[in-house]
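Descriptive analysis of the structure
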Amino acid sequence: MRGILLVNLGTPASCKKEDVQRFICDMLSDPLVSGLPEWQSKFLAKNIIAPLSSSKSLEKYKLIWRKEEPKISPLLYHMQQLAAELESRKGLPVEIAMRYGEPDVTQAIDSLERKCPLLHELIVFPMYPQYAQSTTQTAIDEIGRVFYKHPHSFRLKFVKSYYNHPAYLHALAARAKPYIEKGFDKFVFCYHSLPIKQVESAWKKGREFDYVYQLKETNRLVSNELGISVNEQILLYSSQRGNGWLKPFLSTDIDSLPRQGWKRIIIMAPGFTVDNMETLYDIDIQARQLFMAAGGEEFTFVPSLNSCDEWIEALWKIISGY
């Protein structure tokens, strides 16, 4: 039997400072995320970055953390919902794994093997439509590391970047369509920024690794399906950690839109298939406040795909090709 492993970046175990600090430390200790040598990444993350940034990050997590039961992070909640729905509808065992935090890859694989002793093939589905070394590659490397530590009775198959897959694009368009019907001045596509050095290093390997090419293709194809012209859209990048990252930045440029006469905007983040800190805080809270304070009149945030019906069916169609 086949099984499915849905892999995402991760989340703090709780909305407590020690768990937030641990999560930040784990993530930024990864050289594929920091772009630094492993020893330097670990030293800076543990001794400087995580201790200094955990309090500020905690306040953000408090704003987006689920108040209703289960009181877990939105990302973990939506991942659990997605896995349960996919398993129920398609009849295959499904588990989730986080690159940082829990459930980790070891826990997820152990759970799948208990659930399905006759597992012969595991389809690994990264929740990142566009390739990046700090998301896709580090997840693949970690799964490989865990898998080859001891023999398994099943083989692995990795789903490649699906930035231009018709099913993914259709799900995005279906998600956005109800919001664009009332009209807008500008449709904003927002993606996580990345260090320019990482981006340049990847695109030299070809389009399979070219983050900017892939996200622009996603934008073009979704726009075609929605009937949004080039003049009606704009691309911004969020969550940068330095000036040498992909621009223009959401946090510095969003307040310029009302001054240009674009006072009603719709903003969507196709690179995030599940809502998280970057969508729920950076976009729906911080960017909204900046835009409205600058004279904006209407800020419409399109939620991520999460566990909507169109995404479940799209995910299945993508997996069925493997």
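In the block above lies the structure referred to throughout.
Residues numbered from 1 in each chain as written. Predicted model: local features only at pLDDT ≥ 70, side-chain atom pairs only at ≥ 80, totals over all residues. Heavy atoms only, no water.

**Focus on the overall build of the chain**
- Of the regular secondary structure elements, the chain holds 12 helices and eight strands.
- On the principal axes, the C-alpha backbone points of the chain span a range of 60 × 45 × 45 Å.
- Burial analysis of the chain (322 residues in total) assigns 52% to the buried set.
- The contacts in the chain between residues at least 6 apart in sequence include a share of 75% that link residues at least 24 apart.
- For the chain, the accessible area works out to roughly 14,700 Å², and carbon and sulfur atoms hold 52% of it.
- Averaging the coordinates of the 39 positive side-chain charges in the chain and doing the same for the 37 negative ones gives two points 3 Å apart. (Helix = DSSP H or I, 4+ residues; strand = E, 2+ residues; numbered from the N terminus. Buried < 20%, exposed > 50% of the residue type's maximum accessible area, 1.4 Å probe, protein only. Contact = heavy atoms within 4.5 Å. Areas by Shrake-Rupley, 256 points an atom, 1.4 Å probe, with all protein chains shown as cover. Lys, Arg positive; Asp, Glu negative; His and termini not counted. Charge placed at Lys NZ, Arg CZ, Asp CG, Glu CD.)

**Considering the pattern of salt bridges**
- A full pass over the atoms with the stated rule returns 19 salt bridges.
- Asp-309 is the salt-bridge partner of Arg-89, the closest N and O atoms lying 2.7 Å from each other. With Arg-89 in helix H4 (residues 74-90) and Asp-309 in helix H12 (residues 309-320), this residue pair connects regions lying 220 residues apart in the sequence.
- Note on Asp-309: relative accessible area 45%, which makes it partly exposed. (Salt bridge = Lys/Arg side-chain N within 4 Å of Asp/Glu carboxyl O.)

**Let's talk about the sheet that holds strand S2 (residues 94-100)**
- On the basis of which strands lie adjacent, the open sheet formed by four strands has the order S2-S1-S3-S4 and parallel pairing. The open sheet terminates on both sides in strands that have one partner only, identified here as S2 and strand S4 (155-158). Strand-to-strand twist across the sheet, computed as the mean angle between neighbouring axes with direction ignored, equals 30°.
- Here strand S1 (residues 2-10) runs beside S2; their pairing, made up of six bridges, is parallel. Of the residues in S2, the one forming a bridge with Gly-10 is Tyr-100. (Pairing = 2+ DSSP bridges. Axes fitted to C-alpha atoms, helices over the stretch in contact; angles between N-to-C directions.)

**Some details on the environment of His-192**
- Locating His-192 in the fold gives a position in strand S5 (residues 186-192).
- Sequence separation between His-192 and Leu-236 is 44 residues, and the spatial gap between their C-alpha atoms is 8.7 Å.

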